[in-house]
Amino acid sequence: KTPIKDNEIKYNLLDTKVIVAYIAEKLENGETIATIPLTKTGYVRKFIRDKCFYNGDRKNNKHKRLEYKSFINCLKINSVEEYQQDRRAFAGGFTHCNPYYTGKVLENVSSLDLTSSYPTVLIAELYPMSSGKEIEILNMNDFEMNLKYFCCIFDITFYNIESKIFYDNYISYSKCYNVINPIISNGRVVSADRLSITLTEIDYDIIKKMYKWDSISIGKFTIYDKGYLPKDIIISILELYGAKTKLKGVEGKEAEYLGSKEMVNSTYGMMACHADIIPENFTYDDFLKEWIEPELPDMEKSINDYNKNSKRFTFYPWAIYCTAYARRNLLYGILSCGDDYIYSDTDSIKLLNYQKHKQYFDDYDIYITNKLKKCLEYYGLDRELLAPKTIEGIEKPLGVWDFEGTYKKFKTLGAKRYLYTDSKGKNHITIAGVNKEKGLEYLEHTYKDIYKAFNNNLVFPADGTGKLTHTYIDNEIEGTIKDYLGNECNYHELSFIHLEKSEYNLSIAQDYIEYFIGIQNAKV
């Protein structure tokens, strides 16, 4: 009953034709409806798996698959306990801010970004290249020697641990257990009488630089031989990075560039796609019309299925080390900035007095480039693959710090919460839970001084967030619905999703407010 405009019909028609044409293209290239990947990560996984198994030639290179499977079958998770330890060790990116600058309006804040951080460490660093072996640590010398020569994942308890620096803290409280009397800064541990955590040797190296403690005790300790990731994975990542670079700035290839950029960024997602190889089972009881309490499957069977999976071409601990190496590179940058460090998010740093710290970033670029070259030399690959050129002939080296400019103003209220004015005078916001464009539009139209308004308990109304709350309704429902012209129609649905605009309260936890105010008062 609702009249549909011509442009609305055209939109629906083209939206469908695009999908139909896409499926047809995939079918022509040998795919089936069942094998077309559903996500960008799925395409990357398929691309790299084919490279590992067949070197891109499924018909004439089947012996390659047998060779690779023989290699990957030697990398197994040995037990439920080892898998559970791996899960505890797995952590994501580091996002935090300097409590001294929280809530302050700062000027001349510079921003640097690591170029393709995860792809870089996948190439440059050494990863677990054997099944794990549990060993007993005899003394501190034994402990340090194993950390030096093996990839190590271990449980450790710190007694009377305390941060050596005020401007940031590495240990995530959510990853700790058996914690006594902690002091927390925006989710990060400042100090504790005792805490236990599962680490890699990479994490332990960072913690040594940022904390002091009275003593430690070591629990379950698992070691792995070290080595570069397989050559075919290295080649695949370099190909994806090169393809993205060659499309950058090419007129008419904007969509292809974005697609290629997503492919590069999905290489880590491909590694972490089995972040939980023993997922909970969720069951819906059709008779009771309700969800049954989730339960874990047979854990030993799930691990055995993972080890024997004929499609497996990665090893779970690789994902653990990928993020650990990326965090280390970021944290070393933070430590080099010292008191001038303001904010970080996974692969970027905001800081004051950039020129004062520029030499560190220049030196790091040389360091990481040499590490990347070492991997390519090991595999006999062309070094030029590390710095592909854009259409204008400009080299884009992988892994280096990219200077993004200096902001006129910057203010942060914590992780994933900041506002800045760029060198051209344009404002930008990043707030988890608020659309960047909609949220900024609300601020600029509502407040004369948006920096003053950007503070604790700032409320974005439902129309100002660009956010929709999804409510899933499984109950059968019927009634009458009215369109915007007043036309009425009966409906009868077995289930539905209700979308509603929702407000957002920019509240800061009281314990963090007390912490950063204490830091700021102590520094005055």
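What comes next is a walk through the structure. As the structure is a prediction and not an experimental result, all values here were calculated from the model.

For the structure shown, the criterion picks out 18 salt bridges. With a shortest N-O distance of 2.9 Å, D305 and K301 are connected by a salt bridge. Here K301 and D305 lie together in helix α10 (residues 299–308), a separation of four residues that amounts to about one turn. In this structure D305 comes out as partly exposed when scored by relative accessible area, which is 41%.

Peptide bonds are trans in most cases, and residues, glycine excluded, mostly fall at negative phi. Phi at K416 is positive, roughly 60°, even though this residue is not glycine. Inspection of the secondary structure assignment puts K416 in the loop between β16 (401–414) and β17 (417–421). Here K416 falls in the partly exposed class, since its relative accessible area comes to 35%. Within the chain, N457 stands out as a residue other than glycine whose phi angle is a positive 70°. Overall, N457 belongs to the partly exposed group, its relative accessible area being 45%.

Where helix α6 (residues 140–149) contacts helix α7 (residues 201–210), the two axes come as close as 10 Å, and the packing angle between them is 115°. Where α6 abuts α7, its residues M140, F143, E144 and L147 lie against E201, Y204 and K208. Within the contact of α6 with α7, the residues separate by chemical class into four nonpolar, no polar and three charged.

Turning our attention to the packing of aromatic side chains. One pass over the structure, following the stated rule, counts 41 aromatic pairs. Arranged with centres 6.3 Å apart and planes meeting at 85°, the rings of Y100 and F166 form a pair that is edge-to-face. Placement of the pair is Y100 in the loop between β1 (95–97) and β2 (106–114) and F166 in the loop between β5 (151–163) and β6 (177–180), with a sequence separation of 66 residues. Taken together, the aromatic side chains of Y354, Y360, F361, Y364, Y367, W401 and F403 make up a single cluster linked through ring pairs. Across the ring face of Y306, the terminal group of R312 is positioned such that the distance to the ring centre comes to 4.8 Å. It is K409 that lies over the ring of Y451; its NZ or CZ is 5.1 Å from the centre.

A few words on the side chain of T157. Here T157 is to be found in strand β5. The exposure class assigned to T157 is buried, which follows from its relative accessible area of 13%. At a separation of 2.7 Å, a polar atom in the side chain of T157 contacts the side chain of S196. T157 has contacts with R194, L195, S196, S215, I216 and S217, leaving out every residue within four places of it along the chain.

Calculation criteria
Residues numbered from 1 in each chain as written. Predicted model: local features only at pLDDT ≥ 70, side-chain atom pairs only at ≥ 80, totals over all residues. Heavy atoms only, no water. Salt bridge = Lys/Arg side-chain N within 4 Å of Asp/Glu carboxyl O. Helix = DSSP H or I, 4+ residues; strand = E, 2+ residues; numbered from the N terminus. Buried < 20%, exposed > 50% of the residue type's maximum accessible area, 1.4 Å probe, protein only. Axes fitted to C-alpha atoms, helices over the stretch in contact; angles between N-to-C directions. Contact = heavy atoms within 4.5 Å. Nonpolar A, V, L, I, M, F, W, Y, C, P; charged D, E, K, R; others polar. Phe/Tyr/Trp six-rings, centres within 6.5 Å; stacked < 30°, edge-to-face > 60°. Lys NZ or Arg CZ within 6 Å of the ring centre and 35° of its normal. Polar contact = N/O pair within 3.5 Å; in protein donor to acceptor, adjacent residues only side chain to side chain.

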